[in-house]
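# Structure at a glance
Chain by chain, the residues run as shown.
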Amino acid sequence: MMPVVQLLRAASKHAGNRPPRCVVQTTSAAHGVRTHASSCTDSDKPKVLITGGLGQLGVGLATSLRRRFGKFNVILSDIRKPPNHVYKNGPFIFSDILDYKNLRQIVVNNNISWLVHYSAVLSAVGEHNVALAKEVNITGFHNILDIATEHGLRVFVPSTISALGPSSPKDPTPDLCVQRPRTIYGVSKVHAELMGEYYHQRYGLDFRCLRYPGIISADSQPGGGTTDYAVQIFHAAVKSGQFECNLRSDTRLPMMYIDDCIRATMEFLEAPEDALVSRTYNINAMSFTPQDLTREIQKVLSDFTVTYNVDPVRQVIADGWPKALEDSAARQDWGWRHEYNLPELVQTMLTHITLGNKLASAF
């Protein structure tokens, strides 16, 4: 681990060596003014490392980043062996964020300029293994911060609604408010937000953080989060026509379709640093309950039924979270706009899963 003096020296050394930035153009859109990044020249393209890349978001973000910056400029990493299609679609390496020396070698050997840190133990799993969550979510994050500071990287670390707690304003939750979460995952996310802001102020680190709502995707399996039901319900609706939900029917939580989440992350990563008033922003799209979601699915699959078997651990976690996130600062500062509301989400998920199942059965 680097001493503070070394960090200061490293930060000073790299202060004039910020990650490459693409030219940004502002254009008018139907919902107002939006910010889009123009095409990068070869010399502008960043070299990106994504940790925890086999989770819900890593593969999708890597695909979008490769489309934008080139296949070999984005390295996906994890501690697990990837599926063949992931391995064939671009560079993949083993990377353990708890191995400081190895992580540092990866950054140096691959000339990394942007680091997207997705490695984490999620909320429900973390409550069953607090020691592991502390090690991965806090110690691993410290390794990321120190290496990013030493080498002048732009670093993106997601936060989530888990960073809020029962005493936080709930409907909507502003960017700045009392947080005080009651899960180790949430505590680790507050820690990341504050440490990242401190490193930005103290050492000039280009730290960026978005508070994600629950993310819904047809392509990835749930990873142990409290909002997993909102993914599982679609697979059950298509496969069996029935679903047992582990949250109460009236549990309202903020959610977002994965395409909006990936686009938000891309836009935020490319936003000019001087446009960012804050280092951590809320982003929001829609909020719904299991009952709302069931009714929307039943508009397409009328025979679909849902029963409830509440998991007390997950329910307590969900009851402490926001019902909606207030994201006007993200919309104003860097042009964030969501595209998917609940009807579009349901149609897209059911279509995607149905087609995927048909293709799978054909082979």
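Calculation notes
- Within any chain, residue numbers begin from 1 and follow the written order of that chain's sequence.
- The predicted origin of the model limits local features to residues at a pLDDT of at least 70 and limits the giving and counting of side-chain atom pairs to 80 or more, whereas totals for whole chains, interfaces and linings rest on all residues.
- As a convention, hydrogens and water are excluded, and side-chain values are obtained from all of the structure's heavy atoms.
- UniProt positions are given in the numbering used here, feature names are shortened, and annotations may be inferred rather than shown by experiment.
- Going along the chain from the N terminus, every DSSP run of H or I of four or more residues is numbered as a helix, and every run of E of two or more is numbered as a strand.
- Each residue is assigned to one of three classes by its accessible area relative to the maximum for its type, calculated with a 1.4 Å probe on protein chains only: buried under 20%, partly exposed between the two thresholds, exposed over 50%.
- Pairs of residues are marked as contacts when any of their non-hydrogen atoms sit within 4.5 Å.
- Working definition of accessibility: Shrake-Rupley area with a 1.4 Å probe, residue cover restricted to the visible protein chains.
- What counts as a salt bridge is simple: a side-chain nitrogen of Lys or Arg found within 4 Å of a carboxyl oxygen of Asp or Glu.
- Working definition of a nonpolar core: buried Ala, Val, Leu, Ile, Met, Phe, Trp, Tyr and Cys residues. They are joined through side-chain atoms within 4.5 Å.
- Think of each axis as a best-fit line through the C-alpha atoms, taken over the contacting stretch in the case of a helix, with angles from 0 to 180 degrees between the N-to-C directions.
- Angle categories are assigned with fixed cut-offs, so that under 35 degrees is roughly parallel, over 145 is roughly antiparallel, 65 to 115 is roughly perpendicular, and the rest are oblique.
- If you view the pair so one helix is near and one far, a crossing is left-handed when the near helix is turned anticlockwise from the far one by less than a right angle, and right-handed when it is turned clockwise.
- For this classification, Asp, Glu, Lys and Arg are treated as charged, while Ala, Val, Leu, Ile, Met, Phe, Trp, Tyr, Cys and Pro are nonpolar and the rest, including Gly, are polar.
- A 3.5 Å cut-off defines polar contacts: any pair of N or O atoms within that distance qualifies, except that in protein one atom must be a possible hydrogen donor and the other a possible acceptor, and neighbouring residues in sequence count only when both atoms are side-chain atoms.
- Whether two strands pair comes down to DSSP finding at least two bridges between them.
- For a crossover, the right-handed case is the one in which the path from the first strand over the helix to the second runs clockwise, viewed with the strands pointing away from the viewer.
- Helices are assigned an expected span. That span is 1.5 Å times one less than the residue count.
- In this analysis the probe radius is 1.4 Å and the grid spacing 1 Å, with only protein atoms considered; a cavity is a set of points the probe fits into but cannot get out of, a pocket is an open set with protein on both sides within 12 Å along at least five of seven lines, and lining residues have an atom within 4 Å of a point.
- Grid points are joined across faces, edges and corners, and a volume is the space filled by probe spheres set on the points.
- As used here, the arc belongs to the directions running from the helix axis to the C-beta atoms.

Under the annotation held in an unreviewed UniProt entry, the protein carries the name L-threonine 3-dehydrogenase, mitochondrial and is attributed to Maylandia zebra. Comment text from UniProt for the protein, heading Pathway (unreviewed entry), reads "Amino-acid degradation; L-threonine degradation via oxydo-reductase pathway; glycine from L-threonine: step 1/2." Looking at the Function (unreviewed entry) heading of the UniProt record, one finds this comment for the protein: "Catalyzes the NAD(+)-dependent oxidation of L-threonine to 2-amino-3-ketobutyrate, mediating L-threonine catabolism."

### Section: the overall build of the protein
A count of helices and strands for the protein gives 13 helices and 15 strands. Out of the 363 residues belonging to the protein, those deemed buried represent 54%. For the protein, long-range pairs separated by at least 24 residues make up 78% of all intrachain contacts whose partners lie at least 6 apart in sequence. Accessible surface, the protein as shown: approximately 16200 Å² in total, 51% of it carbon and sulfur.

### Some details on unusual backbone geometry
A cis amide bond, omega 0°, links aspartate 171 with the succeeding residue proline 172. Tracing the backbone through its elements, the reader meets proline 172 in the loop between β8 (159–160) and α7 (184–203). One non-glycine residue, arginine 180, adopts positive backbone phi at about 45°. On the basis of relative accessibility, which here comes to 65%, the residue arginine 180 falls in the exposed class.

### Description of the pattern of salt bridges
Under the defined criterion, the tally for this structure stands at 17 salt bridges. Note that arginine 263 and aspartate 260 form a salt bridge whose closest N and O atoms lie 2.8 Å from each other. With arginine 263 and aspartate 260 both in helix α9 (residues 258–270) and three residues apart, the pair spans about one turn of that helix. Take arginine 263 and aspartate 260: they sit in the same class, and that class is buried. A salt bridge links arginine 331 to aspartate 327, with the shortest nitrogen-to-oxygen separation between them at 2.9 Å. Since its relative accessible area comes to 22%, arginine 331 is described here as partly exposed.

### Considerations on the nonpolar core
In this structure, Ile50, Phe234, Phe288, Leu293 and Trp334 are the most contacted members of the largest nonpolar core, which totals 68 residues. Membership of the second largest hydrophobic core comes to 27 residues, among which are Leu49, Tyr100, Ile144 and Tyr199.

### Details of the packing of helix α8 (residues 229–239) against helix α10 (residues 290–298)
Helix-helix packing is described using two parameters, namely the angle between the two axes and the distance between the axes. At a minimum axis distance of 11 Å, the contact between α8 and α10 shows a crossing angle of 30°. Looking at the two axes, α8 sits roughly parallel to α10. Between α8 and α10 lies a crossing whose hand is right-handed. On α10, the residues that touch Tyr229, Ala230, Ile233, Phe234 and Ala237 of α8 are Pro290, Leu293, Thr294 and Ile297. The residue inventory of the contact of α8 with α10, partitioned by class, reads eight nonpolar, one polar and no charged.

### What about the side chain of aspartate 260?
Given a relative accessible area of 0%, aspartate 260 falls into the buried group. Engagement of the side chain of aspartate 260 in a polar contact is seen with the backbone nitrogen of glutamate 339, the distance being 3.0 Å. Look past the residues within four positions of aspartate 260 in its chain and what remains in contact with it is Trp336, His338, Glu339 and Tyr340.

### Overview of the pairing of strand β3 (residues 48–51)
Look at any regular strand and the pattern is simple: side chains alternate between the two faces of the sheet. Burial of the side chains of β3 extends over both faces: Val48 and Ile50 are buried on one face and Leu49 and Thr51 on the other. Of the pairings in the sheet, the one linking β3 to strand β4 (residues 74–78) comprises three bridges and is parallel in character. The residue bridging leucine 49 from the neighbouring strand is isoleucine 75, located in β4. In this fold, the crossover linking β3 to β4 by way of helix α2 (residues 58–69) has right-handed handedness.

### Focus: helix α6 (residues 130–150)
Since one α-helical turn is 3.6 residues long, residues separated by three or four positions face the same way. Its 21 residues give α6 an end-to-end C-alpha distance of 29 Å, which sits within 8% of 30 Å, the value for a rise of 1.5 Å per residue. Just downstream of α6 lies glycine 152, where phi reads positive at about 65°.

### Quick word on empty space enclosed by the protein
Empty pockets left among the atoms are what a rolling probe the size of a water molecule brings to light. Enumeration over the complete set of coordinates arrives at three cavities of 30 Å³ or more. Considering only enclosed or pocket space, the largest cavity measures out at about 80 Å³ in volume. Lining the largest cavity are His117, Ser119, Ala120, Val136, Asn137, Phe141, Val157, Tyr185, Ser188, Lys189 and Ala192. Elements that contribute at least two residues to the lining of the largest cavity include exactly α6 and α7. Top contributing element to the lining of the largest cavity by residue count: α7, with four residues. Among the residues forming the lining of the largest cavity, the class breakdown is six nonpolar, four polar and one charged.

### Describing helix α4 (residues 100–109)
Looking only at α4, the buried set comprises Tyr100, Leu103, Ile106 and Val107. Projected down its long axis, α4 carries its buried residues within an arc of 130°, all on one side. What points out from α4, more than 90 degrees from its buried face, is the exposed set Lys101 and Asn109. Structurally, α4 contributes buried residues whose contacts are with β3, β5 (92–94), β6 (114–117) and α6. In the stretch just after α4, asparagine 111 is the one whose phi turns positive, near 55°.

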